[in-house]
Amino acid sequence: QVRLVESGGGSVQTGGSLTLSCAASGYTYTTDCVGWFRQAPGKEREGVATYDEVGITRYADSVKGRFTISKDNAKNTLYLQMNDLKPEDTAMYYCAADRLDYGLKDLYKYWGQGTQVTVSS
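Notes on the structure follow. (Residues numbered from 1 in each chain as written. Predicted model: local features only at pLDDT ≥ 70, side-chain atom pairs only at ≥ 80, totals over all residues. Heavy atoms only, no water.)

On to the overall build of the chain, then. Each helix and strand counted, the chain has 0 helices and 11 strands in total. Each helix and strand of the chain, placed in order from N terminus to C terminus, yields the pattern β-β-β-β-β-β-β-β-β-β-β. Each of the three principal axes of the chain carries a C-alpha extent, and together these read 40 × 25 × 25 Å. Burial analysis of the chain (121 residues in total) assigns 41% to the buried set. Counting only contacts in the chain whose residues sit at least 6 apart along the sequence, the fraction spanning at least 24 positions is 58%. Accessible area for the chain stands at about 6300 Å²; split by element, carbon and sulfur atoms hold 46% of it. If you average the places of the 13 positive and of the 14 negative side-chain charges in the chain, the two averages end up 2 Å apart. (Helix = DSSP H or I, 4+ residues; strand = E, 2+ residues; numbered from the N terminus. Buried < 20%, exposed > 50% of the residue type's maximum accessible area, 1.4 Å probe, protein only. Contact = heavy atoms within 4.5 Å. Areas by Shrake-Rupley, 256 points an atom, 1.4 Å probe, with all protein chains shown as cover. Lys, Arg positive; Asp, Glu negative; His and termini not counted. Charge placed at Lys NZ, Arg CZ, Asp CG, Glu CD.)

Considering all chains together, one arrives at 3 aromatic pairs under this definition. Between phenylalanine 37 and tyrosine 108 the ring centres are 5.4 Å apart and the planes differ by 65°, which places this aromatic pair in the edge-to-face class. Remark: tyrosine 108 occurs in the loop between β9 (91-98) and β10 (110-111) and phenylalanine 37 occurs in strand β4 (residues 33-39); sequence separation between them is 71 residues. Neither phenylalanine 37 nor tyrosine 108 differs from the other in exposure class; each is buried. Among the aromatic residues, those joined into a ring-pair cluster are Phe37, Tyr102, Tyr108 and Trp111. Cation over ring: arginine 45 sits above tyrosine 94, and NZ or CZ is 5.0 Å from the ring centre. (Phe/Tyr/Trp six-rings, centres within 6.5 Å; stacked < 30°, edge-to-face > 60°. Lys NZ or Arg CZ within 6 Å of the ring centre and 35° of its normal.)

Another aspect to go through is the pattern of salt bridges. What the rule picks out here adds up to 5 salt bridges. Two residues, aspartate 106 and arginine 45, come together in a salt bridge whose shortest N-O distance is 3.3 Å. One end of the pair, aspartate 106, is in the loop between β9 and β10; the other, arginine 45, is in the loop between β4 and β5 (46-51), with 61 residues separating them in the sequence. Arginine 45 gets classed as partly exposed once you look at its relative accessible area, which sits at 25%. (Salt bridge = Lys/Arg side-chain N within 4 Å of Asp/Glu carboxyl O.)

If you want it as structure tokens, here you go:
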């Protein structure tokens, strides 16, 4: 019923930019909670940026000032604009959704399959 599909990942040099997209079907970004998470090899999945149901955003300290989460409610699409990328940003990036707000905690019900971001020095 709910399907989340990420796109926009790729390889970029340090200091470069990428924009990730997450298209949803069977789910409404307008009123529900959505966000971006990432997982690097050997590390736990961590929250990057999220929206609660009324549009309040939260960012991980490591990406504040560099990443921006946004959404197009008409298209039911979530975005993550990533600027000034660093090698430590290299990870699989996932979008997630739920009717409840878990903030940056890894507790959301619905998940996409991920898109790889690789940043070289």
